[in-house]
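Observations on chain architecture
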Amino acid sequence: MWRWLGRAGEQTLTDALDNPDGDALYRVQEARADAADKQRRAAEREAQRPACTRCGGKFTDERWEEITVHRTAVRAGDKSVCGPCRADDVACQEAAAEAARLAAAAPPEPEADQGPDRGRGWFRRRT
C-alpha cells in the first residue's frame, strides 16, 4: 500500500503509478493557491486604502483613482476627504457663490432716514 501527500487513503502500487487524477489534483491545488493569492492581494489593497480625515470612512475606488491619477488630481479638490464629504464641500462652495451673486445683483439698501439731522449744512434754516 502506498500513501501520497495530498490524497486521502491508501492506494495500490498500480493505482499510484497510473496517477489518473494527478492533473485534476494539480488544477484544484492551483485554483486554491490562486484564490488565496487573490484574497491576500485584496486584503493588502484594503489596508492601503486611505480614509477620510473628516468622517473616517474609507475612500471608494472612484475617489481613490480621482486623487491618485495625475490628470484628474488637479480637479480632485481636498485629497484628504472622501466622495460624500467632497460633494458637501462643493455644495457649500456653490451656495456661497450663489449668495455672493445674489448679493451683488441686489440693489443697495437705502440708508437710514436722516430726519432729525436733515437740513444741517451751510445753509440751514433756523426755527
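In what follows, the accompanying structure is described. Think of each chain on its own: its residues are numbered from 1, step by step along the sequence as written. In keeping with the model being predicted, local features are shown solely for residues with a pLDDT of at least 70 and side-chain atom pairs are shown and tallied solely at 80 or more, while totals for entire chains, interfaces and linings include all residues. To get the side-chain values, all heavy atoms of the structure are used, and hydrogens and water are removed first.

As a further point, take the overall build of the protein chain. Each helix and strand in the protein chain was counted, giving five helices and zero strands. In DSSP terms, a helix is any run of H or I states spanning at least four residues, a strand is any run of E spanning at least two, and both are numbered starting from the N terminus. Listing the helices and strands of the protein chain from first to last along the sequence gives α-α-α-α-α. When the 127 residues of the protein chain are sorted by exposure, 13% land in the buried category. Counting only contacts in the protein chain whose residues sit at least 6 apart along the sequence, the fraction spanning at least 24 positions is 18%. Summed over all atoms, the accessible surface of the protein chain reaches about 11,000 Å², with 54% contributed by carbon and sulfur. Three exposure classes are used, based on accessible area relative to the maximum for each residue type with a 1.4 Å probe and protein chains only: buried under 20%, partly exposed in between, and exposed over 50%. For this analysis, residues touch if any pair of their heavy atoms sits within 4.5 Å. Exposure was quantified through the Shrake-Rupley algorithm and a 1.4 Å probe, taking into account, for residues, occlusion by the shown protein chains and nothing else.

Another aspect to go through is helix α3 (residues 61–68). Within the sequence span of α3, burial applies to R63, W64 and I67. Buried residues of α3, viewed axially, fall in a sector of 100°; they line one side. Think of it as the arc spanned by the lines of direction from the helix axis to the C-beta atoms.

Let us now look at the pattern of salt bridges. A pairing counts as a salt bridge when a side-chain nitrogen of Lys or Arg comes within 4 Å of a carboxyl oxygen of Asp or Glu. Under the criterion given, the structure shown has seven salt bridges. Here R40 and D37 are joined by a salt bridge, their closest N and O atoms 2.4 Å apart. Taken together, the residues R40 and D37, both in helix α2 (residues 22–48) and three residues apart, mark about one turn of the helix. The salt bridge involving R101 is made with E98; its shortest N-O contact spans 2.5 Å. Here E98 and R101 lie together in helix α5 (residues 83–105), a separation of three residues that amounts to about one turn. The exposure class assigned to E98 is partly exposed, which follows from its relative accessible area of 35%. Overlapping salt bridges, with partners in common, bring together D37, R40, R41 and E44 in one network.

Here we take up the side chain of R49. Within the secondary structure, R49 is located in the loop between α2 and α3. Within 3.5 Å is the distance limit for a polar contact, defined as a pair of N or O atoms, with the added protein rule that one can donate a hydrogen and the other accept it, and that residues adjacent in sequence qualify only through two side-chain atoms. Here the side chain of R49 touches E46 through a polar contact of 3.0 Å, side chain to side chain.

C52, F59, W64, I67, V81, C82 and C85 form the largest nonpolar core, which has seven residues in total. Other than its neighbours up to four places away in sequence, C85 contacts C52, R54 and C55. Residues belong to one nonpolar core when they are buried, are Ala, Val, Leu, Ile, Met, Phe, Trp, Tyr or Cys, and are joined through side-chain atoms within 4.5 Å.

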